[in-house]
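Structural characterization, general
The primary structure of each chain is shown beneath.
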Amino acid sequence: MKKFLLLTLFSFCVAHLSSAPANADPEVFDVKGKNIDYTGVYPAHIKTVAVITPASYPAPKSYNKGIELLRAAGMKVKVYPHASMVPENIKKNSYASIPVELRVKDFEAAWCDMENDIIICSRGGRGTQDLVANINWEKLPRRPELYVLGYSDVTMLLCALSTKGYGRPMAGPTVNSHPGLSKKIIPLMKKMLHGEEVRVKLKPLRSGDCSGKVVAGLIQRYTRVMSANYGLQTAGRIVIIESVKQNAKKISADLDELLTAGFFKGVSAVVFGHITRTNDKLDNINTVLEKFTEKVDVPVYTGFPFGHHSKNLVIDFSRPAEIKNDTIIFPACDAESRMEKTTAEK
C-alpha cells in the first residue's frame, strides 16, 4: 500500500511540477497552442463581469489577455479603477499591492453595482487579509446571486463570504490564470458553472463514502483564516486543500496547526489538490500526507484538479457533492433556474 501511495504521489507531483512556469506569479501559466474560447463556458445569466484586484498587482500581459478572453466570450467586463494601478515598489516586490483603502473602494463599488453578475479577482498574491478586515460589511447587500471567483490569497475573501453569508463564493482561476488554463479542464469548468454533473476520480489515502458541500483553498491561507478567527464552518463539508511553494516540513506544520485549531473537526472528507513548486523530495511530501491521514478519522484523498496549476477547476461552495467509490461527484442542479429563483426571492 505504501509503495502504491508513493508511486501515485510521484506521478501526481511530477505532472504538476513539470508545468510550473518560471514566472514570479505562480498563478500565470505558459500558453500552449491557440487561445481558449470561453464562449458558453460561463452560463447565459452571467452577462457582466467585474474585475478587481484584492491583493497583489497582476502580471500585465496575462491580466490583459484574461480580460480580452472574457470579452471575446461575449460578456461585458467592467475593470474597476484601481484594478491595474501599479504599486510604487513593484520593481522590487512582485507581490506588492496598492493601499488597502483603494482595493476596498473597488470591491465595495463592484459589490454594490447591481449590473454585475460575477466578480473575478485579477490575482491573489498577498494582501487579501487587509482587504477583508477593512470592508464595511454592514453597508453591503448580501447578494446571494453574486458569484465571486478566485483562489490562492483570495481564499481569505471566499472564506469570509462563506462565513458571513455574502454572495456565492467560488474557488477557481483568477483573470490572469484564464489564458494559461489547460484545454482539458475547460469542459469540466463549463459543467460546474452550468450546474451539470461533474465527476473526478480521486486517489485514496483512506477510502470512504461521504457527502457535503465543498470548501476549497490554499493551506497557507486556511491557517490565516483560523488565526484571524473568521469562524469558517467546515463541519459536514468536503475540504479541498492545495499548496504552493512549500516544503514537506511547512505543509506538515500547517496541517498540524489546522488540526489544533479544530479546522478538521466534523469534516466529511479531506481532499488534496495540486501541490506545486515544492523543491522537496516527493517521498517527504508523501510521508506528510500519510501521517496526516493517521491523525484524522475521515476519508482522505489526493488528485483533485484545483490549485496553482493549469488544471484548476472552479468549485462552487454552494453546490453539494458526494464521494463514492473513490470518485467525487457534484450532482446535476439547474444552476440558471436556481439563480433566477434566488434573485426573485431577494
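In what follows, the accompanying structure is described. (Residues numbered from 1 in each chain as written. Predicted model: local features only at pLDDT ≥ 70, side-chain atom pairs only at ≥ 80, totals over all residues. Heavy atoms only, no water.)

Looking only at helices and strands, one finds 10 helices and 14 strands in the protein. Counting over 346 residues, the protein shows a buried share of 58%. Summarising the internal contacts of the protein: among those between residues at least 6 apart in sequence, 83% fall at separations of at least 24. Of the roughly 14300 Å² of accessible surface on the protein, a fraction of 51% belongs to carbon and sulfur atoms. (Helix = DSSP H or I, 4+ residues; strand = E, 2+ residues; numbered from the N terminus. Buried < 20%, exposed > 50% of the residue type's maximum accessible area, 1.4 Å probe, protein only. Contact = heavy atoms within 4.5 Å. Areas by Shrake-Rupley, 256 points an atom, 1.4 Å probe, with all protein chains shown as cover.)

Turning to helix α6 (residues 186-194), its buried residues number three or more, namely I186, M189, M192 and L193. The arc enclosing the buried residues of α6, seen along the axis, measures out at 120°, which places them on a common side. Taken from the residues just after α6, G195 is the one with a positive phi, measuring 80°. (Arc of directions from axis to C-beta.)

Okay, the packing of helix α8 (residues 248-260) against helix α9 (residues 282-295) next. When two helices pack together, their arrangement is given by the angle between the helix axes and by the axis-to-axis distance. Interhelical geometry of α8 versus α9 gives an angle of 15° and a closest axis separation of 9 Å. The orientation of α8 with respect to α9, classified from their angle, is roughly parallel. The hand of the α8/α9 crossing is right-handed. When α8 is examined against α9, the residues A248, I251, S252, L255, D256 and L259 are found in contact with a partner set consisting of N284, I285, V288, F292 and K295. (Axes fitted to C-alpha atoms, helices over the stretch in contact; angles between N-to-C directions. Parallel < 35°, antiparallel > 145°, perpendicular 65-115°, else oblique. Left-handed = near helix turned anticlockwise from the far one by under 90°.)

Applying the stated rule across the entire model yields nine aromatic pairs. Relative to W111, the ring of F107 has its centre 5.6 Å away and its plane inclined at 40°; by these criteria the two rings are tilted. With F107 and W111 both in helix α3 (residues 100-112), this residue pair falls four residues apart, about one helical turn. Looking at F107, the relative accessible area reads 0%, which means it is buried. (Phe/Tyr/Trp six-rings, centres within 6.5 Å; stacked < 30°, edge-to-face > 60°.)

Another aspect to go through is the pairing of strand β6 (residues 198-201). Residues V198 and V200 of β6 are buried on one face, while the alternating residues R199 and K201, pointing to the opposite face, are not. Note that β6 and strand β14 (residues 327-330) share four bridges and pair antiparallel. Residue pairing across strands places V200 opposite I328, the latter belonging to β14. (Pairing = 2+ DSSP bridges.)

The residue S62 is located in helix α2 (residues 60-72) in this model. S62 has contacts with V28, V175, N176 and P179, leaving out every residue within four places of it along the chain.

Moving on, we come to the environment of I219. Within the secondary structure, I219 is located in helix α7 (residues 219-227). Spatially, the C-alpha atoms of I219 and S152 are 9.0 Å apart, while their sequence positions differ by 67 residues. Those residues in contact with I219 that sit more than four places away from it in its chain are I241, E242, S243, I251, D254, L255 and L258.

Take the nonpolar core next. Y42, L157, M189 and F304 are the most contacted members of the largest nonpolar core, which totals 102 residues. Among the elements that take part in this core, helix α5 (residues 155-164) stands out by supplying six residues, more than any other. Dropping the residues within four chain positions of it, L157 is found in contact with F107, C121, T128, L131, V132, I135, W137 and V148. (Core = buried A, V, L, I, M, F, W, Y, C linked by side-chain atoms within 4.5 Å.)

Contact geometry of α7 with α8 gives a least axis separation of 10 Å together with a crossing angle of 30°. In terms of orientation, α7 and α8 fall into the roughly parallel class. Two packed elements cross with a definite hand, and for α7 against α8 that hand is left-handed. Residues I219, Q220, Y222, T223 and M226 of α7 lie in contact with α8, whose contacting residues are I251, D254, L255, E257 and L258.

Here we take up the pattern of salt bridges. By the definition in use, this model includes 12 salt bridges. Residue K78 is joined to E115 by a salt bridge in which the shortest nitrogen-to-oxygen separation is 2.5 Å. With K78 in strand β2 (residues 76-79) and E115 in the loop between α3 and β3 (118-121), this pair connects stretches of sequence that are 37 residues apart. Residue K78 is classed as buried on the basis of its relative accessible area, which comes to 17%. Relative accessible area serves as the criterion here: at 36%, E115 is assigned to the partly exposed category. The salt bridge involving E108 is made with K139; its shortest N-O contact spans 2.9 Å. Highlighted residues: E108 in helix α3 and K139 in the loop between α4 (128-134) and β4 (147-150), separated in sequence by 31 residues. (Salt bridge = Lys/Arg side-chain N within 4 Å of Asp/Glu carboxyl O.)

Time to look at α2. Here α2 contains 13 residues, and its C-alpha end-to-end distance of 18 Å stays within 8% of the 18 Å for a straight helix at 1.5 Å per residue. Every buried residue belonging to α2 is among S62, Y63, G66, I67, L69 and L70, and all of these are buried. Here the buried residues of α2 occupy an arc of 160° about the axis, which is enough to place them on one side. Residues of α2 that are exposed and point over 90 degrees away from its buried face: K61 and A72. Residues of α2 that are buried make contact with β1 (48-52), β2 and β3. Directly beyond the C-terminal end of α2, a positive phi value near 95° is found at G74. (Expected span 1.5 Å × (residues − 1).)

Our next topic: unusual backbone geometry. Of note in the backbone geometry, R143 takes a positive phi value of approximately 45° without being a glycine. Here R143 is to be found in the loop between α4 and β4. With a phi close to 60°, N229 is a non-glycine residue in the positive phi region. Counting through the fold element by element, N229 comes out in the loop between α7 and β9 (238-244).

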